[in-house]
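An overview of the molecular structure
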Amino acid sequence: MSCYFDSKQKKDCFNCGACMVLCPVKAITMKKDKCGYYFPYIDDEKCISCGKCKKNCINENRQKFINKTIKAFVLKNKDLNIRKKSASGGISSILMNYVIENGGVVYGVGYSKNMEVVHKRAITLKECEQFKTSKYVRSNMMECYSQILNDLKTEKMVLFTGTPCQVAGVKSAIPLRYHGNLILCEIMCDAVASPVFFEKFKKYIEVKYKKKIDNINFRSKKNGAHNMSMEITFVDNTNIVMPIKEKNDFSDYMQIYGCGLSAPYSCLNCEFENMDERVSDLTIGDYWGKKEIIKDDNIGISMLFLNTEKAVNLFDNYINEKVEYKEVTVEQALNNNHKAHKNIVLNKDLFMKDLPIDDYDELINKYVNKYAWRTKIGKIIPKNLKSFLKKIIGK
């Protein structure tokens, strides 16, 4: 794999910010591009050419972060109320409970006061509630590195949950001597959406309904786990629920997200989603496989990988008593779930060019309606035909 500092290609940067943290002379800053993704910029006057940024780049050095999955499970939390509030089977709640019970700190994804998707620090179970639901947006995690390191230096147990590339970033940036109290949990990822696209979506909804948004739950279970719905709560405590199986603002958003149109280019050929080669201690995600393995009550089932002895011990001594579970193979756990690489859609370049300029409804009209056929074709045609087709019909 290539390093962004050599290639200057956005596909070679996962926007994790580890290079910024590790630079000994603070010569690297992370700056947002027009689509809302962070990329490193080097101040040549400060740079001492030590090479630490390249040496620790998660894209160029992926293999040194890899763990081989030891055990795989299909499981669900025994507490029905927790599962109803969780994105899937309620497994992350068990991990958060364990860490908080032991006086530790949890880092997960929530919303800022401005409804920006960010990684946040929590020291109580109440603060952890915001981490239980999915956010189909790239989170801003630049401010949490120093907090994580400070917590570990004071010998606190720390749980960090994020996408595989974010976990790799933390694993790279935090010195190895502090990893003993660090629990890394990755979410089975199918790419992320642009923060700029999400911001445009929020503004569109607020104008349409003439009120401010207080919270967005991308995975509400009000219509069951198998009919994922977006629940938007406004500041006046009213809400709307939009099932993904119907034509609505949520299904439009998810169509853009689902085909990778607004994802960073690094998501398109991500090597961190590679079956049983994981960067974390634990991997969690939805289970959509054979229902006879574990009873499906339409409230959510998870898959769990244990990738280190630390994770195995945690499962044997804490998790297993709180879940209904069945040990399975990696292949069984990933049945109908895993996508090693996000498919490239033919109109990806056009979308990324239009994203900073067009309003949300213009993007939807253009790429969900007008160009929908190109999106669908892009999902199924072989890669070796795509460059040829691009020459004929344009990017």
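Up top is the structure these notes are about.
These notes cover the structure that comes with them. What you see is a predicted model, and the numbers here were worked out from it, not measured in a lab.

**As for the overall build of the protein chain**
When its secondary structure is counted, the protein chain shows 16 helices and 15 strands. In terms of C-alpha radius of gyration, the protein chain reaches 21 Å, essentially the compact-globule figure of 21 Å for 395 residues. The C-alpha extent of the protein chain, read off along each of the three principal axes, is 60 × 55 × 45 Å. Put simply, the protein chain has 395 residues, and 56% of those count as buried. Sequence separation of at least 24 residues holds for 69% of the intrachain contacts in the protein chain that already meet a minimum separation of 6.

**Considering the environment of Ile301**
Mapped onto the elements of the fold, Ile301 is located in the loop between strand E13 (282–286) and strand E14 (302–306). On the basis of relative accessibility, which here comes to 5%, the residue Ile301 falls in the buried class. Note: C-alpha distance between Ile301 and Ile91 (210 residues apart in sequence) is 9.2 Å. Those residues in contact with Ile301 that lie beyond four places of it in its chain are Val74, Leu75, Ser88, Gly89, Gly285, Asp286, Tyr287, Ile294, Lys295 and Asp296.

**A look at the pattern of salt bridges**
Charged atoms that come close allow side chains of opposite charge to pair. Evaluated as defined, the whole model comprises 20 salt bridges. A salt bridge links Lys212 to Glu206, with the nearest nitrogen and oxygen atoms 3.7 Å apart. Two residues, Lys247 and Asp252, come together in a salt bridge whose shortest N-O distance is 2.5 Å. Here the residues in one salt-bridge network are Lys76, Arg83, Asp297 and Glu324, joined through shared partners.

**Observations concerning the sheet that holds strand E9 (residues 213–220)**
Across the sheet, three strands lie side by side as E9-E10-E11; this open sheet has antiparallel pairing. With partners counted over all chains shown, the strands left at the sheet margins are E9 and strand E11 (239–243), one partner each. Between one strand axis and the next, the sheet turns through 15 degrees on average, direction left out of account. Two strands pair when backbone bridges link them, and strand E10 (residues 229–234) and E11 are joined in this way by five bridges, in the antiparallel orientation.

**Details of the side chain of Asp33**
Structurally, Asp33 is set in the loop between strand E1 (28–32) and strand E2 (38–42). At 2.9 Å, the side chain of Asp33 and the side chain of Lys10 are in polar contact. With sequence-adjacent residues up to four places away left out, Asp33 is seen in contact with Lys10 and Phe39.

**As for the packing of aromatic side chains**
Applying the stated criterion to the full structure yields 22 aromatic pairs. Pairing Tyr4 with Phe5 gives two aromatic rings, centres 6.2 Å apart and planes at 65 degrees, and the pair type is edge-to-face. Comparing Tyr4 with Phe5 shows no difference in burial state: the two are buried. Measuring from centroid to centroid gives 5.1 Å for Phe351 and Tyr367, while their planes differ by 80 degrees, and the two rings are edge-to-face. Of this pair, Phe351 sits in helix H13 (residues 348–354) while Tyr367 sits in helix H14 (residues 360–370), and the two are 16 residues apart along the sequence. Neither Phe351 nor Tyr367 differs from the other in exposure class; each is buried. Here Lys8 stacks its cationic end above the ring of Tyr4, 5.8 Å away from the centre of that ring. It is Lys348 that lies over the ring of Tyr265; its NZ or CZ is 5.0 Å from the centre.

**Considering unusual backbone geometry**
At Glu155, a position not held by glycine, the phi torsion is positive, near 65 degrees. Residue position: Glu155 is located in the loop between helix H7 (144–153) and strand E7 (158–162). You will see that Lys210, though not glycine, has its phi angle at about 60 degrees, which is positive. In this structure, Lys210 sits in the loop between helix H9 (195–209) and E9. Assessed through its relative accessible area of 77%, Lys210 is described here as exposed.

**Things to note about the environment of Glu101**
Relative to the elements of secondary structure, Glu101 occurs in helix H5 (residues 91–101). Taking C-alpha positions, Glu101 is 9.0 Å from Thr124, a pair spaced 23 residues apart along the chain. A distance of 3.1 Å separates a polar atom in the side chain of Glu101 from a polar atom in the side chain of Tyr318.

**Comments concerning the environment of Val323**
Note on placement: Val323 falls in strand E15 (residues 323–328). C-alpha of Val323 to C-alpha of Ile94: the two residues are 229 residues apart in sequence and 9.0 Å apart in space. Leave out the neighbours within four places in its chain, and Val323 touches Leu75, Lys76, Asn77, Lys78, Ile91 and Ile94.

**What about the nonpolar core?**
In this structure, Phe198, Phe201, Ile216, Phe218, Ile232, Tyr253 and Phe351 are the most contacted members of the largest nonpolar core, which totals 40 residues. Within the residue set of this core, elements represented by two or more residues are strand E5 (105–111), H9, E9, E10, E11, helix H10 (249–258), H13 and H14.

**Remarks on the sheet that holds E5**
One open sheet holds the eight strands; their spatial order is E6-E5-E7-E8-E13-E14-E4-E15, and the pairing between them is mixed. Here the strands that pair on one side only, and so sit at the sheet edges, are strand E6 (117–122) and E15. Within this sheet the neighbouring strands show an average axis-to-axis angle of 25 degrees, counted without direction. Judged from the six bridges that link them, E5 and E6 form a sheet pairing that is antiparallel.

**A closer look at the pairing of E2**
Across five bridges, the pairing between E1 and E2 is antiparallel. Within the sheet, the bridge partner assigned to Lys32 lies in E2 and is Tyr38.

The rules behind the values
Residues numbered from 1 in each chain as written. Predicted model: local features only at pLDDT ≥ 70, side-chain atom pairs only at ≥ 80, totals over all residues. Heavy atoms only, no water. Helix = DSSP H or I, 4+ residues; strand = E, 2+ residues; numbered from the N terminus. Rg over C-alpha atoms; globule rule 2.2 N^0.38 Å. Buried < 20%, exposed > 50% of the residue type's maximum accessible area, 1.4 Å probe, protein only. Contact = heavy atoms within 4.5 Å. Salt bridge = Lys/Arg side-chain N within 4 Å of Asp/Glu carboxyl O. Pairing = 2+ DSSP bridges. Axes fitted to C-alpha atoms, helices over the stretch in contact; angles between N-to-C directions. Polar contact = N/O pair within 3.5 Å; in protein donor to acceptor, adjacent residues only side chain to side chain. Phe/Tyr/Trp six-rings, centres within 6.5 Å; stacked < 30°, edge-to-face > 60°. Lys NZ or Arg CZ within 6 Å of the ring centre and 35° of its normal. Core = buried A, V, L, I, M, F, W, Y, C linked by side-chain atoms within 4.5 Å.

Purely spatial values, then, with no claim about function.
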